[in-house]
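# Analysis of the macromolecular model
Letter by letter, the chains look like this.
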Amino acid sequence: MSAQSSHKNQGRSLYTPEQRARRDATIWTFVQGVLAPVQFIIFLVSVVLVVRYLMTGEGYAAATASILLKTFALYTIMVTGAIWEKVVFGRYLFAQSFFWEDAVSFVVIAIHTFYLWALWSGALSPKAQMLVALAAYVIYVLNAAQFVWKLRMARLEATPNQGLTA
C-alpha cells in the first residue's frame, strides 16, 4: 500500500494552479522567504555559541540568548507559515503538500519549548539545557532540508520544460 501511495504522490503537484496563484499573490510568501534565511543565520550563530559553551564552559549567557532568539524566530515562522498555509491551501496546518514538514516542525517546536521550560524551571543543568538545544537544532536541520526540498520541487514544477528549449 505504501508503494502505491508513494507512486501516486509522485504524479501529484505541490500546488494546483489556483493554489500557485494564491501563493504568488500573498505577502505571506515574501514573509516566509525573509524569515527562513534569518532564522537560519540565527541558528548558525547559536550553534557556534552553544558548542563553544559546551567545549569551554564559557559564554552561557550568550548561548542562552541565542537559543531564545532562535526559539522566537521559530515561533514567528511557524505562526506566519500557518497563515501562509491558510491563504494558499485553505487550512492553517497539515495541508497535504506540506503534511510531513508541518509534523516535523511540531517536533522542533516541542523540543524548543521543552528547552524553555528547562531554562525557566531550572530543572536541567546548563549543560543539559545546551544538549536539549542541540537536539532541537538537529531536528531543525532535517526540517529545513524538507522545506528546501519542497522549494526545489516547486521550482521544478513551475518550469517543467526548462533546459529543453533554447
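Description of the structure in this document.

What counts and how
Residues numbered from 1 in each chain as written. Predicted model: local features only at pLDDT ≥ 70, side-chain atom pairs only at ≥ 80, totals over all residues. Heavy atoms only, no water. Helix = DSSP H or I, 4+ residues; strand = E, 2+ residues; numbered from the N terminus. Buried < 20%, exposed > 50% of the residue type's maximum accessible area, 1.4 Å probe, protein only. Expected span 1.5 Å × (residues − 1). Contact = heavy atoms within 4.5 Å. Axes fitted to C-alpha atoms, helices over the stretch in contact; angles between N-to-C directions. Parallel < 35°, antiparallel > 145°, perpendicular 65-115°, else oblique. Nonpolar A, V, L, I, M, F, W, Y, C, P; charged D, E, K, R; others polar. Phe/Tyr/Trp six-rings, centres within 6.5 Å; stacked < 30°, edge-to-face > 60°. Lys NZ or Arg CZ within 6 Å of the ring centre and 35° of its normal.

### Overview of the side chain of Gln19
- If you trace the backbone, Gln19 turns up in helix H2 (residues 17–25).
- A relative accessible area of 15% means that Gln19 is categorised as buried.

### Re unusual backbone geometry
- For Phe94, which is not glycine, the phi torsion reads 65 degrees and is therefore positive.
- Note that Phe94 resides in the loop between helix H4 (60–89) and helix H5 (99–121).

### Description of H5
- Spanning 23 residues, H5 covers 33 Å between terminal C-alpha atoms, matching the ideal 33 Å at 1.5 Å per step.
- Looking at the packing, one finds that the buried side of H5 touches H4 and helix H6 (126–158).
- Gly122 lies just past H5 and shows a positive phi near 75 degrees.

### Focus on the packing of H2 against H4
- With their axes 8 Å apart at the nearest point, H2 and H4 run at an angle of 135 degrees to one another. Taken together, the axes of H2 and H4 are oblique relative to one another. Residues Gln19, Arg22 and Arg23 of H2 form the contact with H4, whose own contacting residues are Trp84, Val87, Val88 and Phe89.
- Split into classes, the residues belonging to the contact of H2 with H4 amount to 4 nonpolar, 1 polar and 2 charged.

### Looking at the packing of aromatic side chains
- Summed over the entire model, instances satisfying the criterion amount to 14 aromatic pairs.
- Measuring from ring centre to ring centre gives 6.3 Å for Tyr15 and Phe98, while their planes differ by 50 degrees; the resulting arrangement is tilted. On the criterion of sequence distance, the pair formed by Tyr15 in the loop between helix H1 (2–10) and H2 and Phe98 in the loop between H4 and H5 is long-range, its members being 83 residues apart. Just as Tyr15 is buried, Phe98 falls in that class too.
- Ring geometry for Trp84 against Phe98: centres 5.6 Å apart, planes inclined by 85 degrees, an arrangement best described as edge-to-face. Residue Trp84 is located in helix H4, and its partner Phe98 is located in the loop between H4 and H5; the two are separated by 14 residues in the primary sequence.
- Assessed through its relative accessible area of 10%, Trp84 is described here as buried.
- Given the relative accessible area of 6%, Phe98 is considered buried.
- Among the aromatic residues, ring-to-ring pairing joins Tyr15, Trp84, Phe89, Phe98 and Phe147 into one connected group.
- The ring centre of Tyr15 lies 4.7 Å from the NZ or CZ of Arg23, which sits over that ring.
- Looking at Lys150, its charged tip hangs above the ring of Phe98, at a distance of 5.2 Å from the centre.

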